[in-house]
Amino acid sequence: MKYLKYLLLMLFIVFIYLFGISSTCDNGPSDPTAGLYHTYAEIDAELHALASSYSAIASVTSIGESVEQRDLWAIKISDNVAQDEDEPVVVLFGCHHAREWISVDVPFLIAKYLVENYASDTLVARLVNNSEIWIAPMVNPDGHQYSVTSDRLWRKNRRNNGNGTFGVDLNRNYSYQWGGPGSSGDTYSDIYRGPAPFSEPETQVLRDFMQQMSPKAMISYHNFSQLILYAWGYTYSPAPDEALLDSIAVVMAHKIRSVHGKDYTSGQASTLYLASGDTVDWLYALLGVPSYTIELRPTSSLRPTSSYPGFELPESEIQPTFEENLPAALFLIDWAIDQL
Ligand SMILES: [Zn+2]
């Protein structure tokens, strides 16, 4: 009995010691870091800082909330930014999938580039003056946070499925052809489509946002494999506008290659693998506008190993991945303006 008391006392001391360390650590659970990649808190702070520094052309809005009630922040970039002008809307999304950290930083850095170069770059000024660009770099903030704090390779959102499993694949939860091939009804699966179309608050927010905005073009960034993909994903049949979708994708691939020589392969999404209920198929079915999944670096010519990054792209590749994707995004915005 004496020994038991002693043991309990020792356990108590060890517990207090460990708790004390974790609560005083700068990068504890309340303030995680992802190195040079942006965390949710950093995206929140930096988008607001950009909008405050460039308030004539940039404003930040919460377009809605996640399962765990984090804001889905979007920055609007346009002249007369407070007004809803009769200009084409172009939307850039990042981070439907939590572990795809580079898909946050590329659209964020595009937003930063646009506002910081508006005064000095005539192309940027023309695009910003003649369109309304909405950029939401982290549409799965709960999943991203979990990927930073707990499981680097987490993919889904953080829905409690009620059976000990968590998460719905947001890029299988859109309603168009929901439940088709390339999605799963198994809650354990990484491509679990959810219990119903648009069952998730994140996809409901994105659905309502796109219906309200009626974008003329959209890019949803992912990684990895270096691909530019367009509808359809749910079937091998070609989309009605296949020639247009392909011609734009080919130009974007050319522009990407011209920066650092990286090959991004363009094509119909299903030629890679079938996927049903994704963002691109839904928006293309709704509005018929050019909609793309861009799978960023690295290439998938090798399978990920301990020495090969896969989703975990080295920090040194953040800047060049942004640099090569910038002209492709600018081209798509320019294309949307030309359609008026
Ligand atoms: Zn993805």
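Keep in mind it's a predicted model, so treat the numbers as computed, not measured.

Description of the sheet that holds strand 6 (residues 227-230)
Here is step 1: Strands sit in the order 1-2-4-3-5-8-6-7 across an open sheet of eight strands; the sheet is mixed. For this open sheet the edge positions go to strand 1 (58-65) and strand 7 (265-268), each flanked by a neighbour on one side alone. Neighbour-to-neighbour, the strand axes of this sheet turn through a mean angle of 20°, independent of strand direction.
Here is step 2: When strand 2 (residues 71-77) meets strand 4 (residues 132-136), the two strands line up antiparallel, connected through three bridges. Paired with I75 across the bridge in strand 4 is I135.
Here is step 3: Each of strand 5 (217-225), strand 6, strand 7 and strand 8 (291-299) touches helix 7 (residues 242-260); the most contacted strand, strand 6, lies at about 165° to it.

Examining the nonpolar core
Here is step 1: By size, the foremost hydrophobic cluster in this structure holds 85 residues, and its most contacted members are I110 and Y292.
Here is step 2: In terms of residue count, the dominant contributor to this core is helix 9 (residues 318-338) (eleven residues).

Things to note about the environment of P181
Here is step 1: Residue position: P181 is located in the loop between helix 5 (141-149) and helix 6 (201-213).
Here is step 2: Assessed through its relative accessible area of 40%, P181 is described here as partly exposed.
Here is step 3: Considering only alpha carbons, one finds P181 and Y273, 92 residues apart in sequence, at a separation of 9.4 Å.
Here is step 4: Those residues in contact with P181 that lie beyond four places of it in its chain are Y234, L274, A275 and S276.

Here we look at the pairing of strand 2
Here is step 1: With six of its seven residues buried, strand 2 lies for the most part within the structure.
Here is step 2: Pairing of strand 1 with strand 2 involves six bridges; the strand directions are antiparallel. When the sheet's bridge partners are listed, V60 is paired in strand 2 with I75.
Here is step 3: In this antiparallel pair of consecutive strands, strand 1 and strand 2, the connection spans five residues, and Q69 shows a positive phi of 65°.

Section: the pattern of salt bridges
Here is step 1: All chains considered together, the criterion is met by 13 salt bridges.
Here is step 2: Of the charged contacts in the structure, one is a salt bridge between D334 and R126, with a shortest N-O distance of 3.0 Å. Linking D334 in helix 9 with R126 in helix 4 (residues 122-130), this pair joins segments that are 208 residues apart in sequence.
Here is step 3: One network of salt bridges, with partners in common, ties together E68, R70 and D142.

Regarding the pairing of strand 6
Here is step 1: Both faces of strand 6 are covered, namely the face carrying L227 and L229 and the face carrying I228 and Y230.
Here is step 2: Relative to strand 7, strand 6 is paired through four bridges, and the arrangement is parallel. Among the inter-strand pairings, Y230 is bridged to a residue of strand 7, identified as Q268.
Here is step 3: What joins strand 6 to strand 7 is helix 7, and the crossover it makes is right-handed.

Here we look at the packing of aromatic side chains
The description of an aromatic ring pair rests on the distance of the ring centres and on the angle between the ring planes.
Here is step 1: Under the criterion given, the structure shown has 14 aromatic pairs.
Here is step 2: On the basis of an interplanar angle of 75° and a centroid distance of 5.2 Å, the ring pair of Y146 and W154 is categorised as edge-to-face.
Here is step 3: Here the aromatic residues Y176, W232, Y234 and Y284 are joined through ring pairs into a cluster of three or more.
Here is step 4: Over the face of the ring belonging to F311 we find R99, whose NZ or CZ atom lies 4.0 Å from the ring centre.
Here is step 5: Directly above the ring of W154 sits R158, whose terminal nitrogen or CZ lies 4.8 Å from the centroid.

Description of the confidence of the model for the protein
One rule of thumb: low pLDDT means the predicted coordinates there are not for detailed reading.
Here is step 1: Confidence along the protein averages 92 in pLDDT terms, with 89% of residues attaining 70 or more.
Here is step 2: Segment residues 11-28: pLDDT under 50, and five contacts once partners within four positions in sequence are set aside and those in other chains are kept.

Here we look at the environment of L206
Here is step 1: Tracing the backbone through its elements, the reader meets L206 in helix 6.
Here is step 2: What makes L206 buried here is its relative accessible area of 0%.
Here is step 3: Setting aside residues no more than four positions away along its own chain, L206 makes contact with I63, L72, F93, H96, V139 and Y174.

Let's talk about the packing of helix 3 (residues 102-117) against helix 9
Here is step 1: Where helix 3 meets helix 9, the closest approach of the two axes is 9 Å, and the angle between their N-to-C directions is 60°. By the angle between their axes, helix 3 is oblique relative to helix 9. Pair helix 3 / helix 9 crosses with right-handed handedness. Between helix 3 and helix 9, the contacting residues are I102, D105, V106, L109, I110, Y113 and L114 on the first element and I318, Q319, T321, F322, N325, L326, A329 and L330 on the second.
Here is step 2: For the contact of helix 3 with helix 9, a count of residues per class yields eleven nonpolar, three polar and one charged.

The rules behind the values
Residues numbered from 1 in each chain as written. Predicted model: local features only at pLDDT ≥ 70, side-chain atom pairs only at ≥ 80, totals over all residues. Heavy atoms only, no water. Pairing = 2+ DSSP bridges. Helix = DSSP H or I, 4+ residues; strand = E, 2+ residues; numbered from the N terminus. Axes fitted to C-alpha atoms, helices over the stretch in contact; angles between N-to-C directions. Contact = heavy atoms within 4.5 Å. Core = buried A, V, L, I, M, F, W, Y, C linked by side-chain atoms within 4.5 Å. Buried < 20%, exposed > 50% of the residue type's maximum accessible area, 1.4 Å probe, protein only. Salt bridge = Lys/Arg side-chain N within 4 Å of Asp/Glu carboxyl O. Right-handed = clockwise from strand over helix to strand, strands pointing away. Phe/Tyr/Trp six-rings, centres within 6.5 Å; stacked < 30°, edge-to-face > 60°. Lys NZ or Arg CZ within 6 Å of the ring centre and 35° of its normal. pLDDT = per-residue confidence, 0-100. Parallel < 35°, antiparallel > 145°, perpendicular 65-115°, else oblique. Left-handed = near helix turned anticlockwise from the far one by under 90°. Nonpolar A, V, L, I, M, F, W, Y, C, P; charged D, E, K, R; others polar.

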